[in-house]
Structure formats: C-alpha cells, structure tokens
Amino acid sequence: MSNIHVNATVNGDEVGFLCDPRETLLDCLRDKLSLTGAKEGCGTGDCGACSVKLSGRLVCSCLVLGAEVEGQEIETIEGMSRDENLHPLQEKFIEYAALQCGICTPGILVATKALLEKNPDPTETEVRYWLAGNLCRCTGYDKIIRAILDTAADMREAS
Amino acid sequence: MQYYTPKSFSEAIEISMEAKGITRFLAGGTDVLVQLRADIVTPDVLIDIKKIPEVGDILQNSDGSWRIGAAVPGAQLNEHKDLKAQWPGVVEAMDLIGSTQVQGRATLVGNLCNGSPAADSVPALIAAGASVTVVSVNGSREVLVEDIPHSPGKTVLEKGELISAVNLPARNTNGGDAYLRLIPRTEMDIAVVGCAVNLSVKEGIVSDARISLGAVTAKVTLVKEAADAIIGTTLDDKALTALSLAASAACKPINDKRGTIEYRTHVAGVLAKRAAQIAYKRARS
Amino acid sequence: MALDDQNKSNFKFVGTRPKRPDGIDKVTGRAKFGADSYAAGMLHGAIVRSPHAHARIKSIDTSEAEALKGVKAVVTRADFSKDIKFTSGKDSEDWNVLENVMADDRVLYDGHALAAIAATSALIARDAVKLVKVEYEILPHVTDVDEAMAVGAPVIRKGAPDKSVPPGLHENVVSYYESGHGDVEVGFQEADLIIENSFKTEATHQGYIEPHACLASLGSDGKGELWCTTQGHFKFQKVCAALLGLETSQLRVTASEIGGGFGGKTTVFIEPVALALSRKTNRPVKIVMSRTEVFRATGPTASTSMDIKIGMKKDGTITAGQGTFRLQGGAFPGAPGGMTAMCAFAPYALKNVHQIGYSVMSNRPKQAAYRAPGSPMAAFAVESVIDALCKKLDLDPIEVRLKNASRKGTKASYGPTFEEIGLVECLEAAKSHSHYKAPLKAGQGRGISCGFWFNFGGETAVSLALSEDGTVQISVGTPDIGGSRASIALMAAEELGIPYDHIRCTVADTATLGYNEVSHGSRVTYATGLATIKAARDAIRKLCKRAAEKWGIPEEAVKWEDGHAIPSGPNAGDFEPLSLKSITEKMGKTGGPIVGHFEATPEGAGVSFATHIVDAEVDPETGKTQILRYTVIQDAGKAIHPSYVEGQFQGGAAQGIGWALNEEYIYGSDGRLQNAGFLDYRIPLASDLPMIDTVIVEVPNPGHPYGVRGVGETSICPPLAAIANAVSQAAGVRLTELPMSPPRILAALKAE
C-alpha cells in the first residue's frame, strides 16, 4: 500500500503528512513534523515518554498509528507553553529540580497537565497512580511529585 | 500492510471476508501495535473499526442492561458514574490494564479478542454474566463471554466475524462484583493471578455467585466449585477457607517469567477470599 | 592533585540552588537527545542479531535483503579494522569491543550483532534485517556464573584468562583478585558467633529511558562526524577511530543530551556500525536501538554468587571478615570481581580480612558499569550477614557499625589507608534521625546498611573563555549526566566572583578540548569541577596581569576579590577596583582574548560512604513488599548544588529498590533473554515508591579545593542490603537471593 495522507491539528496548527500504514503517531510527530519532544523509550506503551493528548485523551503516541489521527486534535509538549511564558508545571519542575536527564520530562509534563485539567486537587497517591505509566529512572519521582503537588496548589489559588 | 476504515459493520465484514493473509481488527490498538512493533504479528490487513457508528457509545437499555460499543476505551468506562456504580468490578478490572495512557485507548473487546489467559477484564465480564454481540455475514448473535476464548492467543471467532458490543446484564439491587489481581509492582504488570467475584446477598446470605479466575488456566473460565463454596453462607471464615481451597484447586497454571505454579495456585485462593469479601460488602451497601 | 592552599569554606554561590542551564530546553522538549538529530540524505541503520546464545556462523546470505528496494548497504565484521588483535587480559579491550560490536565467526549471546543494513527508511531497514539468512551451528551455552566455572562448562573463548588467574580454574575465569590483611582463621577463633551464608544476585540493567542512538557521517577521506548519546564522547572517538581504522583527530564526536546512562553508555555498541554504514554508502546513517535491543545487546551489570563468613564478639566487635565473590560479565572479560571484593568490607576497620573476586565469562551480553560496579552486590552480602549477627547477639545495628567503622587512618580492607572520610558522620546522622526511632507495626521491618565507593579522578581538560561583555563560557568535556553544568557554573562563579547567570557551561565536542575521560566513577563534579576552578584561577591570573599592566604595578601586587581586580595591599597603590567586564571589554587591545584552561589527571578523588534506612511491609499471604519509608544519608564532601546531590541520592535509592525487589534478567534454558522490555523487566513506578528523604553529610575531601566528593554512585550501594534486612525482618525469614520477588518471599515463608 502506498503512503497515507493524513490531515490533523497539532497544538492548534493544521498539519498534513504522508505516512506508511505501519508508522506510529510518534514516528510521524518526530520524523515528519519535526516535533521531537515526544520520545520513544520503549515502543510498547510501557514507559510513557511518548505521551500526547489525542482528541482530549492522554495516550501513548507509540500505540497509535499515524493513519488513525485523521481529522483529530493532538497536543504535544511543544504546545504546553504559551509564547515566551512557560506553563506553571514547567516552571516548577525547573525550580524543584524535578528533572535530571530530562528524557521522561515531556511525557510527565503532558500527563500531569492532563491530570490537573481533570482533577485540580489530587492527593499524592492519586498523582503517583496517574503517573504509573511514566517511567523515570533518574529521580526516584520524589521531586517530581513535590513539584506537581505544589503547582496544583498554586494553580488552585490562582483560579 | 493495508489499512482500512470501514463506515459500517457490513463493510468491515466484507473487507475481512475478502482479506488475504493475516487480518486484524483495530480498536484501541494497545495489543495490535505492540505485536506489530515486536514483529510478533504483522497484519497484512488492518481494519480500523472506530469510524463505525455507535462503537464509542455506552448505552443503558430500558431494562437496565448495558450495551458498551466495541471501541469504548477504559478511561471512558471509568468516567461513567452509573456504570461504575452498578458494575464496579467490571470497571475496575478494565481500569487496571496498563497505564493512564493505555486506558485512553484500550477496550474491553480488544482485551477479550487478544485471547490472553491473563486478560484483566475477562474474568470480571464472565463473573458478571456478560455476553458479546458477534456480527458476521450471517447477521448477529449473542455469545457469552466465557465462550469466546479458545486457547492462549486465540478466540472462537472465525474469518469475517467480529464483536460489535459488550452486553452487561442489569445489576440487581442486592448484587455486587469485584475484581482483584496480584502483580509484583503496583501497576503496569500483567496479572500473575486475577480473580473476579459477582454475587448477590439476601439477608446476609450469599444467594448466588459467579467466580472467575484469570492467568491460572489456558483460558479464563467460570469456577463453579468456588461459587458453590460460598452460596448459602454468610461468607464466614469456614466459607472463605472452602472458597480459597476451591479456587486453588481449579488452577492449572504454568511456570513462566511472571510466576510459578505453586505461587499462582496459592495466591488464587488468597485473592478469591479477598475479592469475595469486597463483592459482599458492595452487595450489601 | 595535592592539597591546594587556596581551599575555601565560606561560599557565596556554592551550596545554593539556582536553575539549571538546560532546564528550559528539557521542559519544553527542545533539548536534543541522541535520536533527535536529522541530516539531509540520511539513511537508517538496523542490525541483524543472533537469536542463539552460542553458535558458529556458517554463512550469512544478504542477497534478498540487498535486493529490497531502498536498501543501500550491508556491513559485517569484514568492514571493520583488521589491525585489532586478540590477546588475553586488559590490553585486549579494543578487540573485545570490536568482537561485541560485530561478531566474527561465532555469536556469543542472544542478541549479538552480526551484520547491519542501511536503508532509506527505518521500516525498510527493519524489513531488510528479517530477510538476512544466517546459517548457524548451535553450540552448547552457559549463562549461570557458577555453572560457567564448573568442569564441563562450554568454553567461551580460549586464551582469554589473564595472568592473575591461578592454575586449576575453568578457562571461563578470566581474572582473579585476592587481598586482605591479618589472619582470618585467628579472627574466627576469637569470635563468639560466626555466621556464614551464601548469596546470589541476578544481572540487572541500568534501565535508562533513552535507548542508544547516533547519527554518523564518514567520508572516504577518513573524516567523520558522530552525534551520539554517550557518557564519554572522547572515548567513543578513540574507540570508533580504532575500530574503523581512522586517525583519531579526523573523527569529531559531539555528545547529545543524554537520557540516562548510569554507566551503561560508557562504551560503544552501535556507533562504529553507523560509521561503517556511512562510509559504505557515503551518506549520513542514523541508528536508534529498540528497547528490546537495549536489554539484549547493551551492557547489563554482572550476576553474582557470593559466600560470606563473619565473626563477631558479644560486644559487637567484628573479629574477622571473609568473602568470596563470583561474577559473570557476559562473553567478555570485565566482570568487576576485583572491585566487588575490594568494596565488600571497606566500611569496617578489621584486623583480619580476606577477600577473593572471580571475573567469569558466560553466554550473555558484555557487561558494562552500573553505578558503582560490584559494590551494591558486595554490600548486599556483607551487610546481610552483619544484620544477622546483630539480631542473633541482640545488638543495635547502628551501634555495631559505629563500633567497627572505618575512620581516618584506618587501613582499608583493600589496602590503602583512609584519609578524611565521613562514614561515622553518616552513621551518627542515621542514629539520630527520626526515621530510626519511628515505631513499626506488625508485619513491618526496618533495615539499615552502609555502602562505599572509591570515586575516580580521570583525565580532564577544561577551557574557560571570557566574553567582552564580562560573561563567561566554560567548555567541558564530560557529558552532563546529573546536573553538572549547574555545579560547574557555580564553582566558576565562586572563583570569579560573578553571578551564576553570567556563566554558561557547555559540553564541547572532541575537536574543542584535550582528552576527557568518560563521565563515570562519580568524577565529574570532582574532576571537571577541580579543573574548572583551576581554569578560573588561570583566567584570574591573566585578568590580574592586565590590571597590573594598566596600573603599572607588579603582577603579584594585584589580587582578585568579589569579581574585581584590586591592589593586594595599601603598599601596592591606590587604584579603583577593576571589574571583570571592564578588563574584558578592552582585552582585544590590551593583549588579546583571555582564556583560562587546565588539563590534568587529578588523583585526590575522595571515597564516599552512605547509610540508608528503609522500612518495608510484607503481605504474608502473597509475599508482596511495599516500601513504606526511605532515608538516604550520604557524605558528599561539599554539596555544590544540593538539589542535584539530593537527586543523585534519591535516584540511586530508587534503582536499588527495583534491583532488590523486582529487576532481573530472566534466561530460558535455551539461553535466550525472556524479559527484554519494560513490561517484564520491572523498574520502580511512581506508585511503587514513597518520598525518599535525604541527609547530605559534608566531610570535605582534602583532594578538591572545595572538598567535593563524587556522589552519583555510592547511593546505589546500600539499598540492596538495607531492603533485604527490612524485608527479612518484616517477613521473619532471611532472603539471600535477589530479587526478592513475591514468589521468592512466599516460598521462603512456606519453607519456614
């Protein structure tokens, strides 16, 4: 089969690309749209480094085919900050040293933003379980969780 | 690989009847894509069912029963307050699969059709007495969930057949269901043992029960002896012990990288007790 | 490096917690890791790997693969240097690396590379790999360390043992280490209680979330560019040049941001292959490993089999310690048998101690360093026995360790005499920590353990260039694997007396600096930091010289304070202080660009100790363990950026938790790896762990101007034992095999 032409919206922008039916959304974001923020850590949906939002749902982009996103809306890490302002989560992660090597960071930020949109007041346990599919090998998660709980509190206060 | 997006079940059936080579239906893709990436199964024909009307709907019929479309992801089930209130065991079983991200895509039908003996949602569906609607060139028919698995990795479905929906019975007011599994970490693992219990309680006594075990037999089945052990009891310690023994006795597990025969057999008994206690509590509240 | 008399103790910048310079790039997804680079005309490489644990290659037929549209080249061992010869022992490392990068006539483990393909897309390359037909003659294999040493075990490679190995051992034993002092037999006689036990640990993987990835470009003129994720691009330059028959300086290597290494990215795997494919196709070639390939064919740590015997008096004095450590490191020399043996009793001042370490080969991937190689396993064994002795004699575990602790002046178990060390301080901090006193419920247990690592110096070169606007750029040659760019900028800020934000630290490519050893051995903050301080002082000397010339006074009459050149005393003259910027903005006219630099192999790396406290609960019906509470106490010498020191403490502890409870390489009887993915190779999840508390102890290392000790590795040394001790207490039965998975714990409970 020849390549499939896909039209979608990424971070609010209309995009189009050609893909082999076997290519994943992750492959397409990275190799065709130059959006390399989503990472392939495992290719099997076990690590969450490829997390994006697809039509409002948090998903692993390695478990979605490029062909499947025709007409859909995708949000990636690249769309998280507005203009020159970082999202509060991004600011807090830097401040709290909630990242070391940073490879899992985009996935965790995308996943956490999705959590706080759904539940602005999560408990520590709820945050940990929501992020169970986002592996981090460097930090032991401690500073990540603290950054998230603190940001959630800030965001609740600001709203 | 040829990728198709039929707009109706009859179109999907037609494509699959004519397909040459390995054919897979695609709903959530959380098994199909993993197998594709790992070179375990490279479909020649991939039929994406998500553009078919109603596959993404959860409907409650007038008699209280439920119809869950084949492409409803676990996250959507978990967000449905009424379904979750009535069938918490089914919803929590599905919810345990993978991560939040996997939940955004994975479906009950996909979990069933992947044919893994360790599938989490299957014991819960069987315990609930669920059925699936199978569509083919011959029309549609209802099949009990426990009659779908054939052997590890295989279902009884033939070429040109696919499942359009999962049907859950109406929940009786004095009933409750629960699903537990044992995994080494807190999330993300394949069940080493899974146990689903669906029971009804009348004046403190278990009036009927359906118990199903996962990951301990070649295909997920109903364990009648385990149910018999608690029917007519108040789920006292004696009944729980009998339940535990019956559950362990029903196991025919394997040794593999996730657990030993001895371990699975023992834990099946432990989980059966614990799941029964949760279902009992839910039935009475 | 000798003690420097300009050492500081009042810090203005060091010890603060500014934002790291790569923070914004990493939280926005802009940071470029190994797989994030693309080049015009780029091809994709994929590797053909053996499905057998041990086999002779009879033939490789690539004709069908080459006929596939889009395939541009195939490489095999024949495409690499023929000048690299095999010899036994350490001098053979280039040969060992080459043999691992691409098999010759035998494949030695499941996943061993034997050919590679470049094609116009990653999918075509992967499809082509499946079309390569290899004829194998399967040979017997061995994967267990004890079995590999036993009579009759298949020989992995003839002639591999080095001179250290005594006669009478199986040819798979390639290296032997023995040391100690005193007389352990006398020591055991003096003991009131002797406990002997054997322990096993399985191989684990560093588990970095970023798979190996590179983009290589190599022309027929021998000039090449390599972009790769690595802990040491200078080493990769050297090794790739050797394997490809290139002159080192003609290959320029740039290190990408690295998505985790922990020792596993200190050696090449796919980089020489990408270069070979590029040379053959005259196009850039990108190779990205899949997760399965990472597990099968990179460098897990060694698996071990250990015997420990310790004698203790009723008052807690350890009278003798004896350990035998057997480690397999895959089908190549390198298992850290020696280091394991050296670390085992290092925390204790023993009159009688004796240790032996065997490094063994088996049909497994070539092991690589994993955070303090060998030390965590040694601690698991030794600290478990000490724990058992304390319990039997009803003694407090921290008091016993304090009683026997190594201190300044102690003759270490492995030979040298310790200088200033912080073990006692760590133990005291543990003793007084609220965690140690917190009550436990039934079914819960508490374990403590000490841990030790040597830390290293290593070749280092740093260049510090001043800009006309008074800001500073530092070029270092050690990839940033833990936040070191921030720490280096802090140290430079401290010396120069200018704000941290005016300093940018960059990891420069191999063409920019002299040789830098790999970022490993917890050496970066120590050695690159020391070099940065020296380079800053070099720049300061030059700045002061310019000021002196401007003022017409001798150089010695100018000193540097708070970012300014000032006269060193009233006799020097009365001049207004000159800021760094005021000197640099004119430097083109006053003598030229001002750059400080420093090159050396510093030798004052200080050893570091740690004590961990952990509480665990075991479900007696399922054997499942929950970690309830964890505290890391470790000597950092001087914490330059405390947040990143804490991060190292927490990260090492988390890896230790995974190693202790769930992580292991599972081989079938066919010698194939069964769990080559994150589904069944189970690393800790956010939901598995509690918060990890940290206490930074600071006993300055005299070998560094600010007292820095490396911190990255020691944090993984105590957890295996601390958790084993906690679980053993919670479950009521001693576990001696890792991981302590639920089936193992349940089986141990049932056996009781």
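Check the entry above for the structure.
None of these values were measured; they are calculated from a predicted model. (Residues numbered from 1 in each chain as written. Chains lettered and ligands numbered in written order. Predicted model: local features only at pLDDT ≥ 70, side-chain atom pairs only at ≥ 80, totals over all residues. Heavy atoms only, no water.)

S.K.: Could you clarify how one ought to interpret the overall build of chain C in this entry?
M.R.: Helix and strand content of chain C: 21 helices and 26 strands. A compact globule built from 752 residues would reach a C-alpha radius of gyration of about 27 Å, and chain C, at 27 Å, matches this within 12%. Taken over the C-alpha atoms alone, chain C extends approximately 85 × 75 × 50 Å along its principal axes. In chain C, which comprises 752 residues, the share counted as buried stands at 66%. Counting contacts in chain C only where the partners sit at least 6 residues apart, residues at least 24 apart contribute 79% of the total. (Helix = DSSP H or I, 4+ residues; strand = E, 2+ residues; numbered from the N terminus. Rg over C-alpha atoms; globule rule 2.2 N^0.38 Å. Buried < 20%, exposed > 50% of the residue type's maximum accessible area, 1.4 Å probe, protein only. Contact = heavy atoms within 4.5 Å.)

S.K.: Quick question: what am I supposed to make of the pairing of strand 11 (residues 251–255) of chain C here?
M.R.: All names here are of chain C. Alternating positions in strand 11 separate cleanly, Leu 251, Val 253 and Ala 255 being buried on one face and Arg 252 and Thr 254 remaining unburied on the opposite face. Relative to strand 11, strand 10 (residues 224–228) runs parallel, the two sharing five bridges. Bridging across to strand 11, Trp 227 finds its partner in Thr 254. With helix 7 (residues 233–244) bridging strand 10 and its parallel neighbour strand 11, the resulting β-α-β unit is right-handed. (Pairing = 2+ DSSP bridges. Right-handed = clockwise from strand over helix to strand, strands pointing away.)

S.K.: I'm lost on the interface of chain C and chain A in this one. Help?
M.R.: Many structure descriptions define interface size as the accessible area lost when the parts assemble. With 51 residues of chain C in contact, the opposing surface of chain A contributes 46 residues. Its largest share of buried area at the contact with chain A, chain C owes to C:Val27, C:Ile209 and C:Met691, together 18% of the area lost on that side. One salt bridge in this structure joins A:Lys39 and C:Asp36, with 2.7 Å as the shortest N-O distance. One can count 23 residue pairs in polar contact (both at pLDDT 80 or more) joining chain C with chain A. Mapped by element, the contributors of at least two residues to the side of chain C that touches chain A are helix 1 (23–28), helix 4 (122–131), helix 19 (642–661) and strand 26 (692–697) of chain C. (Buried area = accessible area lost by both parts, 1.4 Å probe. Salt bridge = Lys/Arg side-chain N within 4 Å of Asp/Glu carboxyl O. Polar contact = N/O pair within 3.5 Å; in protein donor to acceptor, adjacent residues only side chain to side chain.)

S.K.: Mind showing me how you'd approach the interface of chain A and chain B here?
M.R.: Taken together, the contact between chain A and chain B spans 31 residues of the former and 30 residues of the latter. Of the roughly 2,400 Å² buried at the junction of chain A and chain B (both faces included), carbon and sulfur atoms supply 60%. Across the contact surface, chain A and chain B share five salt bridges. Residue A:Lys118 pairs with B:Glu79 through a salt bridge whose shortest N-O separation is 3.5 Å. Across the contact surface, chain A and chain B share eight residue pairs in polar contact (both at pLDDT 80 or more). Per element, the largest residue contribution to the side of chain A that touches chain B is four residues, and it comes from strand 4 (residues 57–60) of chain A. Residue classes in the side of chain A that touches chain B are distributed as 16 nonpolar, eight polar and seven charged. (Nonpolar A, V, L, I, M, F, W, Y, C, P; charged D, E, K, R; others polar.)

S.K.: Mind showing me how you'd approach the sheet that holds strand 12 (residues 193–202) of chain B here?
M.R.: Strand pairing within a sheet occurs via backbone hydrogen bonds; the two strands may be parallel or antiparallel. Residues and elements named next belong to chain B. Sheet architecture is open: four strands sit in the order 11-12-13-14, paired in antiparallel fashion. The two strands at the open ends of the sheet, each matched to only one other strand, are strand 11 (175–182) and strand 14 (221–222). Contacts from helix 8 (residues 121–128) reach strand 11, strand 12, strand 13 (205–214) and strand 14 within the one sheet, and its direction differs from that of strand 13 by about 150 degrees. (Axes fitted to C-alpha atoms, helices over the stretch in contact; angles between N-to-C directions.)

S.K.: Please clarify how the pattern of salt bridges should be interpreted in this entry.
M.R.: It is possible for side chains bearing opposite charge to pair when their charged atoms get close. For the structure on display, the rule yields 78 salt bridges over all chains. A salt bridge links C:Asp127 to A:Arg22, with the nearest nitrogen and oxygen atoms 2.6 Å apart. You can see C:Asp127 sitting in helix 4 and its partner A:Arg22 sitting in the loop between strand 2 (13–19) and helix 1 (25–32), one on each of two chains. According to the relative accessible area criterion, A:Arg22 is buried, its value standing at 17%. In this structure, the salt-bridge partner of C:Asp538 is C:Lys542, at a minimum N-O distance of 3.1 Å. Note that C:Asp538 and C:Lys542 are positioned in helix 16 (residues 524–551) at a spacing of four residues, about one turn of the helix. On the basis of relative accessible area, C:Asp538 is assigned to the buried category, the value being 13%. When its relative accessible area of 29% is taken as the criterion, C:Lys542 is described as partly exposed.

S.K.: Honestly, the sheet that holds strand 9 (residues 213–218) of chain C in this entry has me stumped. Any pointers?
M.R.: Residues and elements named next belong to chain C. Spatially, 3-5-1-12-9-10-11 is the arrangement adopted by the seven strands of the open sheet, whose pairing is mixed. Taken across any chain shown, the strands that pair with only one partner, and hence form the sheet edges, are strand 3 (71–75) and strand 11. In this sheet, neighbouring strand axes are inclined to one another by 20 degrees on average, regardless of whether the strands run parallel or antiparallel. One ladder, built from four bridges, connects strand 9 with strand 12 (residues 285–288); its direction is antiparallel. Across the sheet, the residue bridging to Ala 213 is Val 288, located in strand 12. The strands that helix 7 touches are strand 9, strand 10 and strand 11; relative to strand 11, the one it contacts most, it runs at about 145 degrees.

S.K.: Before we go on, may I ask you to explain the nonpolar core in this structure?
M.R.: Across soluble globular proteins, you tend to see nonpolar side chains buried next to one another. In this structure, A:Phe93, C:Val273, C:Ile723 and C:Met740 are the most contacted members of the largest nonpolar core, which totals 206 residues. Those residues within four positions of C:Met740 in sequence are excluded, and the remaining contacts are C:Ala660, C:Leu661, C:Ile723, C:Ala724, C:Val727, C:Leu735 and C:Ile745. Counting 86 residues, the second largest nonpolar core, distinct from the first, contains A:Leu26, A:Val59, A:Cys60 and B:Val72. (Core = buried A, V, L, I, M, F, W, Y, C linked by side-chain atoms within 4.5 Å.)

S.K.: Sorry, what's going on with the packing of aromatic side chains here?
M.R.: The description of two aromatic rings rests on the distance between their centres and on the angle between their planes. All names here are of chain C. Scanning the model with the defined rule gives 22 aromatic pairs over all chains in all. Between Phe 418 and Phe 609 the ring centres are 5.7 Å apart and the planes differ by 75 degrees, which places this aromatic pair in the edge-to-face class. A residue pair is termed long-range when its members are at least 10 positions apart, and Phe 418 in the loop between helix 12 (397–404) and helix 13 (423–432) and Phe 609 in strand 24 (residues 608–618) qualify at 191 residues. Each member of the pair Phe 418 and Phe 609 is classed as buried. When the centroid spacing of 5.1 Å and the interplanar angle of 10 degrees are considered together, the rings of Trp 551 and Phe 575 count as stacked. Residue Trp 551 is located in helix 16, and its partner Phe 575 is located in the loop between strand 21 (564–567) and strand 22 (578–579); the two are separated by 24 residues in the primary sequence. Every member of this aromatic cluster is reached through a ring pair, and the members are Tyr 414, Phe 418, Phe 452, Trp 453, Phe 454, Phe 456 and Phe 609. Lying across the ring of Trp 227, Lys 32 places its NZ or CZ 5.4 Å from the centre. Positioned above the aromatic ring of Phe 188 is the side chain of Lys 309, whose terminal nitrogen or guanidinium carbon lies 4.4 Å from the ring centre. (Phe/Tyr/Trp six-rings, centres within 6.5 Å; stacked < 30°, edge-to-face > 60°. Lys NZ or Arg CZ within 6 Å of the ring centre and 35° of its normal.)

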